[in-house]
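# Breakdown of the fold
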Amino acid sequence: MKSFGSELGTVVGRLVPATARAVGLAALASGALFAPAPAEARENSFIQTAVSSPPPSGARQLCRQYTWACSSKRSVVLTSQQEMRIVNRVNRRVNATTREVTDQSQYRTRERWALPTSLGGDCEDFALLKKRDLIRAGIDPSKLLIATVLDRQRNAHAVLVYRSASGDLVLDNLTNRIKRWSDTRYFFLRMQDPRKPSSWVGVYGRS
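For clarity, every value in this text was computed on a predicted model and none was experimentally measured.

## Description of the environment of I146
By secondary structure assignment, the location of I146 is in strand 2 (residues 144-150). For I146, a relative accessible area of 0% puts it in the buried group. Measuring from C-alpha to C-alpha, the distance between I146 and V159 comes to 5.9 Å, with 13 residues separating the pair along the chain. Among residues more than four places away in sequence, those in contact with I146 are W113, A127, L128, K131, V159, L160, R190, M191, Q192 and W200.

## Considerations on the pattern of salt bridges
Under the criterion given, the structure shown has seven salt bridges. For K143, the salt bridge is made with E83, and the minimal N-O distance between the two is 3.0 Å. Of this pair, K143 sits in the loop between helix 6 (123-136) and strand 2 while E83 sits in helix 4 (residues 80-97), and the two are 60 residues apart along the sequence. One salt bridge in this structure joins D133 and R132, with 3.0 Å as the shortest N-O distance.

## Here's the deal with helix 4
Helix length check: helix 4 (18 residues) gives 26 Å between terminal C-alpha atoms against 26 Å at 1.5 Å per residue, within 8%. When helix 4 is considered as a whole, its buried residues turn out to be E83, I86, V87, V90, N91, V94 and N95. Here the buried residues of helix 4 occupy an arc of 150° about the axis, which is enough to place them on one side. Every exposed residue of helix 4 that faces more than 90 degrees away from the buried side is listed here: Q81, R85, A96 and T97. At its buried positions, helix 4 is contacted by helix 6, strand 3 (156-164), strand 4 (167-172) and strand 5 (175-180).

Cut-offs applied
- Residues numbered from 1 in each chain as written.
- Predicted model: local features only at pLDDT ≥ 70, side-chain atom pairs only at ≥ 80, totals over all residues.
- Heavy atoms only, no water.
- Helix = DSSP H or I, 4+ residues; strand = E, 2+ residues; numbered from the N terminus.
- Buried < 20%, exposed > 50% of the residue type's maximum accessible area, 1.4 Å probe, protein only.
- Contact = heavy atoms within 4.5 Å.
- Salt bridge = Lys/Arg side-chain N within 4 Å of Asp/Glu carboxyl O.
- Expected span 1.5 Å × (residues − 1).
- Arc of directions from axis to C-beta.

Honestly, that's just the spatial picture; any functional story needs more than this.
Here it is in structure tokens:
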């Protein structure tokens, strides 16, 4: 995932009012942005969205290619405990059975969002496969949102967000550990709209 990494400046420019931009970026540089206060704990358990955003370039045809990737219709009702068992199982299985292969080496293109092939896939392909398998296992599709981020080294990356009852959890191909979004130390750029997964929303949030 490389092409959306260069969009950070554009995303920030769209999401932060001009009068607050300088303050926000200064706080980001100092590591102080979005430091949670106790009264904000509940709100900060979920990724805060800002404004509508175009999808990442590789996801523009996602809904046509995979209708389930933009679905919001649940098939069954599960308890929170049942959901977590399924989420953990699928996350580990996909990470263990899917090899990492770049789009450049597999498709000779910089970015292509697709389910992994027999050769494997890159980060957004892992996220798509997890989302598909979790939906098939009965998880409410509206709780499964693909997000683009900058990782700890500020490289472009994609993850799957599971919107649990207690907060947003991140399923990542780089680790089997499912973390709260606020524990990832990622900078979140954009995400599928929780209210309408066929659309995307900008996120201005450092975990």
